[in-house]
Amino acid sequence: MALMTPSEAFVETLVANGVTDVFGIVGSAYMDALDIFPAAGIRFIPTVHEQGAAHMADGYARVSGRHGVCIAQNGPGITNFVTAIAAAYWAHSPVVAITPETGSNTIGLGGFQETEQLPIFSKITKYQGHVNLPSRMAELTARCFDMAMAERGPTQLNIPRNYFYGDIDVDIPPPRRVDRGAGGDESLDDAARLLAESEFPVIVSGGGVIMSNGIEACVELAEYLNAPVVNSYLHNDSFPANHPLWCGPLGYQGSKAGMKLISQADVVLALGTRLGPFGTLPQHGLEYWPQNARIIQVDSDHRMLGLVKQISVGVCGDARAAAGAILERLKTRERIAALQNKDQRAAQIKRQKETWEAELDAWAQETDAWSKEVSADDPNMHPRQMLRELEKAMPEDAMVSTDIGNICSVSNSYLRFNKPNSFFAAMSFGNCGYAFPTIIGAKVAAPERPAVAYVGDGAWGMSLGEILTCVREKIPVTAVVFHNRQWGAEKKNQVDFYSRRFEGVNLENPSFAEVARSMGAQGVTVASLDEVGPALRQACDEQKNGKTTVLEVMCTRELGDPFRRDALSTPVRHLEKYKSYV
Ligand SMILES: Cc1ncc(C[n+]2csc(CCOP(=O)(O)OP(=O)(O)O)c2C)c(N)n1
Ligand SMILES: [Mg+2]
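Keep in mind that this is a model prediction, so the values were computed, not measured.

**Here's the deal with the overall build of the protein**
No. 1: Along its length, the protein carries 23 helices and 20 strands.
No. 2: For 582 residues, the compact-globule formula gives about 25 Å, and the C-alpha radius of gyration of the protein, at 25 Å, lands near that figure.
No. 3: With respect to the three principal axes, the spread of C-alpha positions in the protein is 70 × 65 × 60 Å.
No. 4: In the protein, buried positions account for 57% of the 582 residues.
No. 5: Counting contacts in the protein only where the partners sit at least 6 residues apart, residues at least 24 apart contribute 77% of the total.

Quick look at the structure:
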């Protein structure tokens, strides 16, 4: 035991957990602890908005596998975290949100910056620690760090602001990390048996494969079976794209090759994926989910097993360990049915991939009536062609984040990665404004890697303030802003369902390149296809010189397939005054 103030105990517990960077906005509520961050070797990274800080913590955690940490002023600083913590929850990011609160001596009196901070985060955190006594500061801080890792998601550490002060006798608890196993023997035996009997096995590689460092184990298993591997939705970095068995992502704007192959599966091994509903919806007019296949699902969270899809076998285990254990079992079996038709399946994988690549090459523009109409006399770029150019120019080691929007979603077909921890999409919380702050956090964790955010112009308006963070804190990144003068993804619904009555979807924008320059970054307007690749490469090179660049990419107003055709229906109006609104 040592004599410390709670501020010291708090900061020492951060140090014990390996924290070197904390994102946030300064506030009196925790200033006593902030004061000693430098002496503890912790860099405080001030942001423009607390939402940005929490997204940065998310990006930091996603690329490094370490905790992302954010902190802010009680009340409004903390409520500004909410959207980003919800996003981190669905991205399974070990973010620790430190939420100083109104002092315990005045709570309930309706004083300055007071709101109950625990209920607000109760559904978007895996664990909430409330420091109810200054002497428990280290214990509860440590638990929040342990829980964020063990449960793979954000935790909240709520601290009445007066509890940073005083004298306490305390031990700093060492970090406690859970050593995960492959799963139960019975379910692993069943999984191996189903795979051994399968004539057309397909592996869905999910986020759990990345989080468990399981790519190699997944590759070995896939190679043993010669099974095609598809990425689960928005986990395009969960299997190397340069591997012959890689068949691309499932789901919205994903790979037709992957979808056509999985539709033939008799056994699907869903490895490290909750098979989220959004990622398995019909796409490209294909109902690809194999209704009669037997599904083996491996997830470290037992609550995810069989939650969305009917399964035959559920393995509650670590994706890497489970893949290894299943492979060991397969090796002891006399007959592996899939090895009998290995060559035919290999030929099919190759053919499906070639067909899809050729289709993408030829898919210069969207061909629905609206898209053809609006792009006819428009000198700007067709999004698909532009995205193909970005794909070709993307540096090998790049980290890419994507926002929510029509062009960002279409980019799913064109984002391929050979190594994990490279792709940070807005995942299932789907908030506009995710990508830019997230890539800033990722860059802090991996400064040697090129960092690129794809953002629509609507979402850019929400997040461009964080350019100041890049400039002030010398965190060089590249933002590719798809300037199509509209909230395109939502406009698509008005085209498809609301007879082109446009309400709130058209945008008048300034030159975002000019805005970037006036904020101290570099700004480049990219108007033609031949400029796209060179501009991206140069912007990524400039990161080595500490420069942040905004590439404002001028696009037509054409729109790809919508997000949620499933969730909208034709309007019905009963009242006379609304009769024409159908
Ligand atoms: C915070 C938030 N607000 C609103 C939405 C609804 N929404 C989804 S996509 C979208 C349009 C995105 O427009 P933009 O960023 O310009 O990209 P584009 O679709 O034009 O490519 C909107 C408003 C959302 N997902 N998140
Ligand atoms: Mg737009």
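Having seen it, we continue.
**Considerations on the packing of helix α4 (residues 50-64) against helix α18 (residues 435-445)**
No. 1: Close contact between α4 and α18 brings their axes to 6 Å; oriented N to C, the two are set at 50 degrees. Here α4 is positioned oblique relative to α18, judged by the angle of their axes. In this structure, the crossing between α4 and α18 has a hand that is right-handed. Two secondary-structure elements touch here, α4 through G52, H55, M56, G59, Y60, V63 and S64 and α18 through P437, T438, I440, G441, A442, V444 and A445.
No. 2: Among the residues forming the contact of α4 with α18, the class breakdown is eight nonpolar, six polar and no charged.

**Regarding the coordination of the magnesium ion (ligand 2)**
No. 1: Distances from the magnesium ion (ligand 2) to its protein donors, D457 (OD), N484 (OD1) and Q486 (O), fall at 2.1 to 2.2 Å.
No. 2: Between consecutive donors of the magnesium ion (ligand 2), the numbers of intervening residues give the motif D-x26-N-x1-Q.
No. 3: With a relative accessible area of 4%, N484 lands in the buried category.
No. 4: With relative accessibility at 1%, the residue Q486 sits in the buried group.

**Some details on a nonpolar patch on the surface**
No. 1: A cluster of nonpolar side chains, namely L575, Y578 and Y581, defines an oily patch on the protein surface of about 310 Å² accessible area.
No. 2: Take Y578: it is sitting in the segment after β20 (549-554).
No. 3: Overall, Y578 belongs to the partly exposed group, its relative accessible area being 37%.

**Brief notes about a negative patch on the surface**
No. 1: A contiguous patch of negative charge on the surface is contributed by E216, E220, E223 and E328.
No. 2: Looking at the negative patch, the element that brings in the most residues is helix α11 (residues 215-225), giving three residues.
No. 3: Locating E216 in the fold gives a position in helix α11.
No. 4: Judged by relative accessible area, E216 falls into the exposed class, the value being 64%.

**Some remarks on the sheet that holds strand β13 (residues 294-299)**
No. 1: With respect to topology, six strands assemble into an open sheet ordered β11-β10-β9-β12-β13-β14, the strand pairing being parallel. The sheet is open, and its two borders are formed by β11 (246-249) and β14 (313-316), each paired with just one other strand. In this sheet, adjacent strand axes meet at a mean angle of 20 degrees when their direction is disregarded.
No. 2: Here strand β9 (residues 201-205) pairs with strand β12 (residues 267-271) via five bridges, running parallel. The residue of β12 that forms the bridge with P201 is V267.
No. 3: Sheet strands touched by helix α9 (residues 185-197): β9, β12, β13 and β14. Its angle to β14, the strand with the most contacts, is close to 130 degrees.
No. 4: Packed on one face of the sheet, helix α13 (residues 319-331) meets β12, β13 and β14 and runs near 145 degrees to β12.

Calculation rules
- Residue numbers run consecutively from 1 along every chain, following the written order of its sequence.
- Note on labels: chains are lettered from A, ligands numbered from 1, in written order.
- Selection of residues for local features in this predicted model requires a pLDDT of at least 70, selection of side-chain atom pairs for listing and counting requires 80 or more, and totals for whole chains, interfaces and linings are taken over all residues.
- Computation of side-chain values covers all heavy atoms of the structure but excludes hydrogens and water.
- In this text, helices come from DSSP runs of H or I with a minimum length of four residues, and strands from runs of E with a minimum of two, each type numbered from the N-terminal end.
- The globule rule is 2.2 Å times the number of residues to the power 0.38, and the radius of gyration it is compared with is taken over C-alpha atoms.
- Here's how the labels work: a residue is buried when its accessible area is under 20% of the maximum for its type, exposed when over 50%, partly exposed in between, all with a 1.4 Å probe on protein chains only.
- Any two residues whose heavy atoms approach within 4.5 Å at even a single point are treated as in contact.
- For helices, the axis comes from a line fit to the C-alpha atoms of the stretch in contact; other axes are also lines fit to C-alpha atoms, and the angle between any two N-to-C directions lies between 0 and 180 degrees.
- For classification purposes, an angle smaller than 35 degrees is called roughly parallel, one larger than 145 roughly antiparallel, one from 65 to 115 roughly perpendicular, and anything else oblique.
- Left-handed describes a crossing in which the near helix is turned anticlockwise from the far one by less than a right angle; the clockwise case is right-handed.
- Residues are grouped as follows: nonpolar covers Ala, Val, Leu, Ile, Met, Phe, Trp, Tyr, Cys and Pro; charged covers Asp, Glu, Lys and Arg; every other residue, Gly included, is treated as polar.
- The rule for donors is simple: N, O or S, within 2.8 Å of the metal, or within 3.2 Å if the metal is Na, K or Ca. Water isn't counted, so a site may look like it is missing partners.
- Grouping into patches uses exposed residues only, defined as over 30% relative accessible area, and leaves out salt-bridged ones; the cut-off is 9 Å for like charges and 5 Å for nonpolar side chains (Val, Leu, Ile, Met, Phe, Trp, Tyr).
- Under the convention used here, a 1.4 Å probe and the Shrake-Rupley method define accessible areas, while residue burial counts only the protein chains that appear.
- Any Lys or Arg side-chain nitrogen located within 4 Å of an Asp or Glu carboxyl oxygen qualifies as a salt bridge.
- In this tally, Asp and Glu contribute negative charge and Lys and Arg positive charge; neither His nor the terminal groups of the chain are included.
- To locate a charge, take atom NZ for lysine, CZ for arginine, CG for aspartate or CD for glutamate.
- Only strands that DSSP links by at least two bridges are regarded as paired with each other.

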